[in-house]
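Take a look at the letters that make up each chain.
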Amino acid sequence: MPLKIGVPKETYAGEKRVATVPEVVEKLIKLGFCVAVESGAGDAAHCSDDSYRAAGAEIIVGAAALWSAADILFKVRAPSPEEVGLLRPGSTLVSFIWPAQNPELMQQLAAQNVTVLAIDALPRQLSRAQKMDALTSMAGITGYRAVIEAANAFGRFFSGQITAAGKVPPAKVFIAGAGVAGLAAIGTAASLGAIVRANDTRPEVADQVKSLGGEFVKVDYEEEGSGGGGYAKVMSEGFQQAQREMYAKQAAEVDIIITTALIPGKPAPKLITAEMVKSMKPGSVIIDLAGEQGGNCELTEPGQAVVKHGVTIVGYTDLPSRLAKQSSTLYGTNLFRLAEELCKTKDGIIDVNMEDDALRGLTVIKEGAITWPAPPPKLPAAAPQAAKPASAMPAAKKGHGAASEPMAGGKLAVMFGIAAALFWFIGAHAPAAFLGHFTVFVLACFVGYMVVWNVTPALHTPLMSVTNAISSIIAIGALVQIAPPLVPGINRPDDWIRGLAVIGIVLTAVNMFGGFAVTHRMLAMFRK
């Protein structure tokens, strides 16, 4: 018998999201599940009971009735103690849990003899787990909404303007932390016309910052800051001191600061001190996205927007909920992808396979037994091993005594000798006109080879689309063969030559228009 997925109404104060939306309900039903939604669960996210009914869901009135009828519970926020008491033994709960921060909740859930999948415990370093990564989905929305909140609290334009009344300078925005939320904020602020600067302890994100239109501000201290699962790690005291000096300089210059720094299982690091806030210009804004974990600013009041020292400090903890429809759609899609992994047979029966690294990481309680924390996932080790010989080869070639150098030089000399002999033979027996055309052909092949093979492989597709279009110069030669001769006394080419010329024109026309079409589509991908 297929299992029933229950979607209760969120009881957390101010929470407007719902764990699934009507569009996702239809997909869950195709997997073989029955779906029940508590009446009014989606009202705040603009998903009415009628829309759920139309998608095939059952509407149940009252939380107790829904929780008792459901085999699987899809939730957004971690359950309250009252909701934990409603869980039926043997059922499965899928929700944000934050097991490191909520040990008491973990004990309460284990006592109910249930299976709990914490969507926040997903091993994000697994590429196949990205489709289930609700943390990334919510972080992207948080970063976007942070800029909207900053624009609302800021007293000026983001973009610079020149008007009859005078010149308006663009806003300067500094973003501390270039994770998913930070990158979303960078892109949004840059698209609004602001001058955007950003910093992160992981130097590898510098290119991502620049690609979104921001300037990467580097801390004058060398230390690797990459942690596990896409997070940053706790840095040394020397690095933190250099980082504070950089933040102090930025605080005095910029108009808006958006902080996003979080470390799993630990309180949010304090990046913006009270002294930095005092140094900011009156009317400046700080958006603290780490408010729920204590905040990155010393003066943040979680859940509140306050004005201190003339600076508006926003510590809202419900930014994804302020875009409830979008957040619910993305979160519901993440849970649907999880349901696909749990129910590969599409018969409405789930299998929490503890041998699957992604599901093992998510499962924090299995049938009443606490299984958190999960062991590190098994990452493929073949790729780094295969790369070692390739990296060693250039080093061997650099040596003066490398045995491969004479061999390579000898082969090259033989090839040039053969090519020279062939060229002499053709020149001695072919007409002068043919020799001129053949020379151009050989040079064209050489130039084409050097152009294509000296380009980074990542750029081969756009490069080939352009060179294919340029190579349509072949059509000119074909047209010359088809057209009547302009010089008296020169015979028309044979019919088979003209036929080949026609075929050449057709193929090069396809090549030309197709090349430009591919180029246009690829360029469109990078336009905003």
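What counts and how
- Residues numbered from 1 in each chain as written.
- Predicted model: local features only at pLDDT ≥ 70, side-chain atom pairs only at ≥ 80, totals over all residues.
- Heavy atoms only, no water.
- Salt bridge = Lys/Arg side-chain N within 4 Å of Asp/Glu carboxyl O.
- Helix = DSSP H or I, 4+ residues; strand = E, 2+ residues; numbered from the N terminus.
- Buried < 20%, exposed > 50% of the residue type's maximum accessible area, 1.4 Å probe, protein only.
- Contact = heavy atoms within 4.5 Å.
- Axes fitted to C-alpha atoms, helices over the stretch in contact; angles between N-to-C directions.
- Parallel < 35°, antiparallel > 145°, perpendicular 65-115°, else oblique.
- Nonpolar A, V, L, I, M, F, W, Y, C, P; charged D, E, K, R; others polar.
- Core = buried A, V, L, I, M, F, W, Y, C linked by side-chain atoms within 4.5 Å.

Enquirer: If you had to explain the pattern of salt bridges to someone new, which residues and values would you point to?
Expert: On inspection of all chains with the given rule, the structure shows 24 salt bridges. Its salt-bridge partner being Arg128, residue Glu341 comes within 2.7 Å of it at the nearest N-O pair. Of this pair, Glu341 sits in helix H11 (residues 324-342) while Arg128 sits in the loop between strand S6 (115-118) and helix H6 (134-153), placing them 213 residues apart in sequence. With relative accessibility at 11%, the residue Glu341 sits in the buried group. The salt bridge involving Asp255 is made with Lys281; its shortest N-O contact spans 3.0 Å. Here Lys281 lies in the loop between helix H10 (274-279) and strand S13 (285-288) and Asp255 lies in the loop between helix H9 (237-253) and strand S12 (256-259), a separation of 26 residues in the sequence. Residue Asp255 is classed as buried on the basis of its relative accessible area of 5%. Relative accessible area serves as the criterion here: at 35%, Lys281 is assigned to the partly exposed category. Taken together, the shared-partner salt bridges in this structure form one network comprising Arg128, Lys131, Glu341, Lys344 and Asp356.

Enquirer: Just give me the short version of the environment of Glu58, but keep the residues and values in it.
Expert: Summarising the element assignment, Glu58 is placed in strand S3 (residues 58-60). Each C-alpha atom, one on Glu58 and one on Glu38, is 8.5 Å from the other, the two residues being 20 residues apart in sequence. Beyond its immediate stretch of four places on either side in the chain, Glu58 contacts Lys4, Val35, Ala36 and Val37.

Enquirer: Tell me about the packing of helix H1 (residues 22-30) against H11, and please be specific about residues and values.
Expert: Between H1 and H11, the least distance of the axes is 9 Å, while the angle of their chain directions is 10°. As judged from the angle between their axes, H1 and H11 are roughly parallel. Counted together, Glu23, Val24, Lys27 and Leu28 of H1 and Lys325, Gly332, Thr333, Phe336 and Ala339 of H11 form the full contact between these two elements. Its residues assigned to classes, the contact of H1 with H11 comprises 4 nonpolar, 2 polar and 3 charged.

Enquirer: I'd like to hear about the nonpolar core, residue by residue, with values.
Expert: If you look at the biggest cluster of nonpolar residues, it comprises 47 residues, and the most contacted ones within it are Phe74, Tyr331 and Leu338. For this core, the secondary-structure elements that each account for two or more residues are strand S1 (4-7), H1, strand S2 (34-38), helix H2 (49-55), strand S4 (72-74), H6, H11 and helix H12 (357-362). With 7 residues, the single largest contributor to this core is H11. The residues contacting Leu338, other than those within four sequence positions of it, are Val94, Leu117, Ile119, Met132, Leu359 and Leu362. By size, the runner-up hydrophobic cluster in this structure holds 31 residues, among which are Val147, Ala198, Ile287 and Leu289.

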